[in-house]
Amino acid sequence: MKVGIIGAGPIGTNISKKLVNKGYDIKIADTRGLDNMAGKEIVGSPVIVEDVIKNIDSLIIALPFHVIPSIRNIVDQVGKDIIVIDTSNYYPFRDSKITDIENGMVESLWVSNQLGRPVIKAINNQLAYTLETKGTPEGTSGRIAMTVSGDNQSQKQLVMSLVNDLGFDSVDAGSLNESWRQQPGTPAYCTELTKEALKNALKKADKEKAPLLRDKVMENFSADFTHSDIVNLNREIYNS
C-alpha cells in the first residue's frame, strides 16, 4: 500500500517507521516544509506537502488539531477514492477553543467539515510512546487495541488492517458520529486496553463528562510523569 503522511511529529514519524518496516511505500511531509524535518529520524521518503498526496492509496493526517484547516487546499486535490485517516485530538489549551466542539460537535465530524470530505478516525487513542514501543505480533496475549470509526465499512476494514500492521488489534467503534467515544476524556482514550476491554470502555463513555475529565487529567499532569504514570492517571480519571 502507498501511504502519504502529513505531519512529522512523534505520531507521524512512528507510523512511517513501522509501516516502512512492513513493506509499505511511505511519503511523509511537514506542513512547515522540508527544513523542519532536518535532524529527525525519518523513515520513508521526506517530501513537500504538495507531493505527499501524489500516487497514494491512503492519506494519514497526524497534525495538531488547530493546523488541520490549513491543509484544506491540499486535501481538495486528493482523489475521492483515497482513504483519509484522521489521528487528531482536540485540546483547548493547545488549539484554542473551537466553538462548534465546545458546543458538542464530534471532533472528527469537525475535521471532516474542515477538509470537505469523509474521514476515518483511527490511531488517535494511544500515546506516541505506546505506538512506538508497545506493538506486538497478531495473536499475542494481552495485545493492545486501537479504535477505528467511520461511515465507509470497506475503508474501515483497510484501516483496521493497517492498524494490525502497526502492531495493534483494532475495534470497529461505529460511525464517525460515534467517534466521540474515543476522544480525550473517555475510558477508551490512551489507557492501553486489550480488544475486549476496549469494547467495554467504548460502552462506558459519557459524552457530557468527557471534556471535564480531559481537563482534569491536564490539571493533574506533571512534566515529571513517566509513561506509566500518564496511562495510570488516564485510567483513574477517565473511569471515574
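Since we're looking at a predicted model, the values are computed, not measured. Throughout this document, residue positions are counted from 1 along each chain, in the order its sequence is written. Per-residue local features are limited, in this predicted model, to residues with pLDDT of at least 70; the limit for side-chain atom pairs, both in listing and counting, is 80 or more; totals at the level of whole chains, interfaces and linings are taken over all residues. By convention in this description, side-chain values take in all heavy atoms of the structure and omit both hydrogens and water.

(A) Looking closely at the nonpolar core. Nonpolar core, defined: a set of buried Ala, Val, Leu, Ile, Met, Phe, Trp, Tyr and Cys residues in which side-chain atoms within 4.5 Å join the residues together. Using a 1.4 Å probe on the protein chains alone, a residue whose accessible area is under 20% of its type maximum counts as buried, one over 50% counts as exposed, and one in between counts as partly exposed. Membership of the largest hydrophobic core comes to 27 residues, with the highest contact counts inside it found for Ile6, Leu59, Ile61 and Leu115. At the level of secondary structure, the elements contributing two or more residues to this core comprise α2 (49–52), β4 (58–61), α3 (72–75) and α6 (107–115). For this analysis, residues touch if any pair of their heavy atoms sits within 4.5 Å. Aside from chain neighbours lying at most four places away, what touches isoleucine 61 is Ile6, Ile68, Ile71, Val75, Val84, Ile85, Asp86, Thr87, Ser88 and Leu115. Listed in part, the 25 residues of the second largest apolar core include Tyr24, Ile28, Ile83 and Met160. Numbering of helices and strands starts at the N terminus; helices are DSSP runs of H or I of at least 4 residues and strands are runs of E of at least 2.

(B) Unusual backbone geometry, seen in detail. The phi angle at asparagine 55 is positive, at roughly 55°, despite the residue not being glycine. Along the chain, asparagine 55 turns up in the loop between α2 and β4. Phi is positive for cysteine 190, which is not a glycine, with a value near 55°. Within the secondary structure, cysteine 190 sits in the loop between β8 (169–172) and α9 (195–204).

(C) Structural view of the packing of helix α1 (residues 10–21) against helix α8 (residues 153–166). Axis lines are fitted to C-alpha atoms, over the contacting stretch for helices. Their N-to-C directions set the angle, which ranges from 0 to 180 degrees. Two numbers describe how α1 lies on α8: the axes approach to 9 Å, and their chain directions differ by 85°. Accordingly, the angle class assigned to the pair α1 and α8 is roughly perpendicular. Residues Ile15, Lys18 and Leu19 of α1 pack against Leu162, Asp165 and Leu166 of α8. Note on angle classes: values under 35 degrees are labelled roughly parallel, values over 145 roughly antiparallel, values of 65 to 115 roughly perpendicular, and the remainder oblique.

(D) The arrangement of helix α11 (residues 227–238) in detail. To estimate how far a helix should extend, the number of its residues minus one is multiplied by 1.5 Å. Taking 1.5 Å as the rise per residue, α11 with twelve residues should run 16 Å; its terminal C-alpha atoms sit 16 Å apart, in good agreement. Where α11 is concerned, the buried positions are His227, Ile230, Val231, Leu233, Asn234, Ile237 and Tyr238. For α11, the angular spread of the buried residues around the axis is 160°, confining them to a single face. The inward-facing, buried residues of α11 contact α7 (128–133) and α10 (210–220). For this quantity, the arc is that covered by the directions from the helix axis to the C-beta atoms.

(E) Structural context of a nonpolar patch on the surface. On the surface, Phe93, Met218 and Phe221 cluster together into a nonpolar patch covering about 310 Å² of accessible area. A relative accessible area of 38% means that phenylalanine 221 is categorised as partly exposed. Residues with no salt bridge and a relative accessible area higher than 30% make up the patches, which join like charges within 9 Å and nonpolar side chains (Val, Leu, Ile, Met, Phe, Trp, Tyr) within 5 Å. Surface exposure here means Shrake-Rupley accessible area, sampled with a 1.4 Å probe, where a residue is shielded only by the protein chains that are shown. When a carboxyl oxygen of Asp or Glu is within 4 Å of a side-chain nitrogen of Lys or Arg, the pair counts as a salt bridge.

(F) The arrangement of the sheet that holds strand β2 (residues 25–29) in detail. Spatial strand order, β3-β2-β1-β4-β5-β6-β7-β8: eight strands in an open sheet with mixed pairing. What marks the edges here is a single partner per strand, and that holds for β3 (45–46) and β8. With four bridges joining them, strand β1 (residues 2–6) and β4 adopt parallel strand pairing. Looking at β4, one finds that valine 3 is bridged to serine 58. Of the strands in this sheet, β4, β5 (83–86) and β6 (120–122) touch α6, which is tilted by about 135° from β5. Across the sheet, α9 is in contact with β7 (145–149) and β8; its angle to β8 comes to roughly 30°. When DSSP locates at least two bridges between a pair of strands, those strands are taken to pair.

(G) Looking closely at the pattern of salt bridges. Tallied over the entire structure, the rule returns twelve salt bridges. Note that lysine 54 is salt-bridged to aspartate 51, the shortest N-O span being 2.8 Å.

(H) Representation of the packing of aromatic side chains in the model. Only Phe, Tyr and Trp rings are paired, with Trp represented by its six-membered ring, and only when their centres lie within 6.5 Å; those with planes under 30 degrees apart are stacked, over 60 edge-to-face, the remainder tilted. A full pass over the atoms with the stated rule returns five aromatic pairs. Note on phenylalanine 65 and tryptophan 110: the rings are 4.9 Å apart at their centroids and 20° apart in plane angle, and the pair reads as stacked. Note that phenylalanine 65 is positioned in the loop between β4 and α3 and tryptophan 110 in helix α6, a separation of 45 residues in sequence. Of the two residues, phenylalanine 65 and tryptophan 110, neither departs from the other in class, the shared state being buried. Ring centres 6.2 Å apart and planes at 55° place the aromatic pair tyrosine 189 and tyrosine 238 in the tilted group. Taken together, the positions of tyrosine 189 in the loop between β8 and α9 and tyrosine 238 in helix α11 put the pair 49 residues apart, joining distant regions of the chain.

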